[in-house]
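# Examining the three-dimensional arrangement
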Amino acid sequence: MNKNRIESYKENLNKLLQKEEGYFIIFEDIRTNKFVQFQASTKAKQLLFDVPTREQVLSREQIEKLNNLLVFECDSVELFSGKDPFEVSFIDKTEYAAEIIERIFLEVFNLPNEYTLTITLDSFVG
């Protein structure tokens, strides 16, 4: 795991939490276009995470790895859906969410440790 990348994830998730409602962030691998995305509820310090599986054509094995990675027993993390898309809520857990992102890119998407990302922070509102 790349600590600099994890720190970048954490910083960007914190930026998202400082925005008003209606913003989202997408972390995407440049080479494969595999991605994860978040919305935020700033009042609740809640990150709403989802991974579209059909759109990214994940194998059954990748979906099982994702499911195993996202099944939590923690008060501040809640799995909303184990189907397409996978949806998870992180409450006040940006560091943990950042580590999960890194693990998804490495362990689920099977990317090399040197993968390169684009980060898009944008709004649904016109």
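Residues numbered from 1 in each chain as written. Predicted model: local features only at pLDDT ≥ 70, side-chain atom pairs only at ≥ 80, totals over all residues. Heavy atoms only, no water.

Glancing now at the pairing of strand E2 (residues 35-41). By the criterion of burial, E2 is predominantly enclosed, with 5 of the 7 residues buried. Bridging between strand E1 (residues 23-29) and E2 involves 5 bridges; their strand directions are antiparallel. The residue of E2 that forms the bridge with isoleucine 25 is phenylalanine 38. The antiparallel hairpin formed by E1 and E2 contains 5 residues in its connecting segment, where asparagine 33 sits at a positive phi of about 65 degrees. Relative to strand E3 (residues 46-51), E2 is paired through 5 bridges, and the arrangement is antiparallel. Paired with serine 41 across the two strands is glutamine 46, which belongs to E3. Taken together, E2 and the strand that follows it, E3, pair antiparallel across an intervening segment of 4 residues, in which lysine 45 is found at a positive phi of about 55 degrees. (Buried < 20%, exposed > 50% of the residue type's maximum accessible area, 1.4 Å probe, protein only. Helix = DSSP H or I, 4+ residues; strand = E, 2+ residues; numbered from the N terminus. Pairing = 2+ DSSP bridges.)

With a phi angle near 65 degrees, asparagine 33 is a residue other than glycine that sits in the positive phi range. Residue position: asparagine 33 is located in the loop between E1 and E2. Positive phi is not limited to glycine here, since asparagine 110 has a value of about 60 degrees. By the element assignment, asparagine 110 lies in the loop between helix H3 (94-108) and strand E6 (117-123).

A separate point is the packing of aromatic side chains. Within the structure shown, the criterion is met by 10 aromatic pairs. Residues phenylalanine 90 and tyrosine 96 carry aromatic rings whose centres are separated by 6.1 Å and whose planes lie at 65 degrees to one another, so their mutual orientation is edge-to-face. Using a relative accessible area of 0% as the deciding quantity, one classes phenylalanine 90 as buried. Take tyrosine 96: its relative accessible area is 33%, and that puts it in the partly exposed class. (Phe/Tyr/Trp six-rings, centres within 6.5 Å; stacked < 30°, edge-to-face > 60°.)

The final tally for this structure, using the stated rule, is 4 salt bridges. Between glutamate 102 and arginine 5 there is a salt bridge whose closest N-O contact spans 2.7 Å. Placement of glutamate 102 in helix H3 and of arginine 5 in helix H1 (residues 3-18) is noted, with a sequence separation of 97 residues between them. Lysine 65 serves as the salt-bridge partner of glutamate 61, at 3.7 Å between the closest nitrogen and oxygen. One end of the pair is glutamate 61 and the other is lysine 65, both in helix H2 (residues 60-70) and 4 residues apart, which spans about a single turn. Residue glutamate 61 is classed as exposed on the basis of its relative accessible area of 51%. (Salt bridge = Lys/Arg side-chain N within 4 Å of Asp/Glu carboxyl O.)

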